[in-house]
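# Working through the structure, step by step
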Amino acid sequence: MVQRLHRFEIRLRLGERDARGEAVRAAATTFGLALGDVRVVDVVWLAGELEGAVAERLVATFCDPVTEVAALAVPVDGESFVEVALRPGVTDPVAETLLALAARLGFEGLEAVATGRRYEVRGAGHDEVDGVALTLLAERVVANRIIERAAVGVPLAAAFVSPPDERPRAAEAVPVRGLSDAALESLSRARRLALDGAEMRAIADHFEREGREPSDLELEMLAQTWSE
């Protein structure tokens, strides 16, 4: 079976109130944008050896059947919309949850998942919104440019999170001894430890006294403990 890429959009059913869209519209007024309607659509990309019907059943398990509907989608360039998705390398917990759910439910062939959001916008008179206004909406209201990318009127491509390796593996020694402060901070970012420079220095000094490097498990335990 050939690997396929599927793009799904999960949107509210007709008549359902879009509270997220209302919040975006209210926030937009802060920047002088008078919007008539904003609809927020969740985007899910699936990659793997999945037939379209199988992929559709999988996405359907992830949405609310009462208020939402999921469907394969081929977005059109040039419409009044903004798409937002995580930058490559940023953790996508929703995608990771969907991967785990697929494995638990026995959906075979799914290799990668990515998620994003689509903001479909109309002006105060329900007309098209110009690119300048949409760019302002993207940069100031709906996207965190530190961790997210945004596109105006153009569909985004997926930045996939690799599926977790289910195979047991041996503990990995992580070199910290002798690293500079900058290198320790870089290590914290690379491993998503969320530890600052002082905390990383304390860890390095401790294992220097121990005469060994910490294992990856020890680093994770320290990071989890110190984040509480």
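Every value quoted in this text rests on a predicted model; they were computed, and no experiment measured them.

Turning our attention to the environment of E111. Relative to the assigned elements, E111 resides in strand β5 (residues 110–123). In this structure, the C-alpha to C-alpha distance between E111 and A47, residues 64 residues apart in sequence, is 5.7 Å.

In this section: the sheet that holds strand β6 (residues 148–152). Pairing between the strands of a sheet comes from backbone hydrogen bonds, and it takes one of two forms, parallel or antiparallel. Reading across from one edge, β3-β1-β2-β5-β4-β6 is the order of the six strands in this open sheet, with antiparallel pairing throughout. Each edge of the sheet is formed by a strand with only one pairing partner; in this case those strands are β3 (68–72) and β6. The average angle at which neighbouring strand axes cross in this sheet is 25°, direction not considered. Against the sheet, helix α1 (residues 19–29) engages β2 (35–48) and β5, with an angle of about 125° to β2.

In this section: the pattern of salt bridges. Under the definition given, this model contains 15 salt bridges. The partner of R11 in a salt bridge is E120, and the shortest N-O contact between them spans 2.9 Å. With R11 in strand β1 (residues 4–12) and E120 in strand β5, this residue pair connects regions lying 109 residues apart in the sequence. For R11, a relative accessible area of 29% puts it in the partly exposed group. Looking at E120, the relative accessible area reads 21%, which means it is partly exposed. Across the salt bridge formed by E83 and R118, the nearest N and O atoms sit 2.8 Å from each other. Here R118 lies in strand β5 and E83 lies in strand β4 (residues 81–86), a separation of 35 residues in the sequence. A residue is classified by how much of its surface remains accessible, and E83, at 1% relative accessible area, is buried. Judged by its relative accessible area of 3%, R118 is buried. Each of the salt bridges in this network shares a partner with another, and the network as a whole consists of R7, E9, R11, E83, R118 and E120.

With 18 residues, the main nonpolar core has V44, L46, L58, L98, L110 and V113 as its most contacted residues. Secondary-structure elements contributing two or more residues to this core are β1, β2, α2 (52–60), α3 (93–105) and β5. Element by element, the count of residues in this core is highest for α3, at five residues. Ranked by size, the runner-up nonpolar core spans 17 residues in total, among them V24, L134, A138 and A143.

A few words now on the environment of A133. With respect to the secondary-structure elements, A133 resides in helix α4 (residues 131–142). Along the chain, A133 and A34 lie 99 residues apart, while their C-alpha atoms are 9.5 Å from each other.

The next subject is the packing of α1 against α4. It is at 10 Å that the axes of α1 and α4 come closest, and there the two elements cross at 100°. One finds that α1 runs roughly perpendicular with respect to α4. For the pair formed by α1 and α4, the contact residues are V24, A27 and A28 on the first element and L137, V141 and V142 on the second.

This part covers the confidence of the model for the protein chain. The predicted model of the protein chain has a mean per-residue pLDDT of 87, with 91% of residues at 70 or higher. No element of the protein chain has a lower mean pLDDT than α2, at 85, and none a higher one than α1, at 95. Low pLDDT (under 50) marks residues 163–168, which in the prediction has three contacts with non-local residues, meaning those over four places away or in another chain.

Rules used in this analysis
- Residues numbered from 1 in each chain as written.
- Predicted model: local features only at pLDDT ≥ 70, side-chain atom pairs only at ≥ 80, totals over all residues.
- Heavy atoms only, no water.
- Helix = DSSP H or I, 4+ residues; strand = E, 2+ residues; numbered from the N terminus.
- Pairing = 2+ DSSP bridges.
- Axes fitted to C-alpha atoms, helices over the stretch in contact; angles between N-to-C directions.
- Contact = heavy atoms within 4.5 Å.
- Salt bridge = Lys/Arg side-chain N within 4 Å of Asp/Glu carboxyl O.
- Buried < 20%, exposed > 50% of the residue type's maximum accessible area, 1.4 Å probe, protein only.
- Core = buried A, V, L, I, M, F, W, Y, C linked by side-chain atoms within 4.5 Å.
- Parallel < 35°, antiparallel > 145°, perpendicular 65-115°, else oblique.
- pLDDT = per-residue confidence, 0-100.

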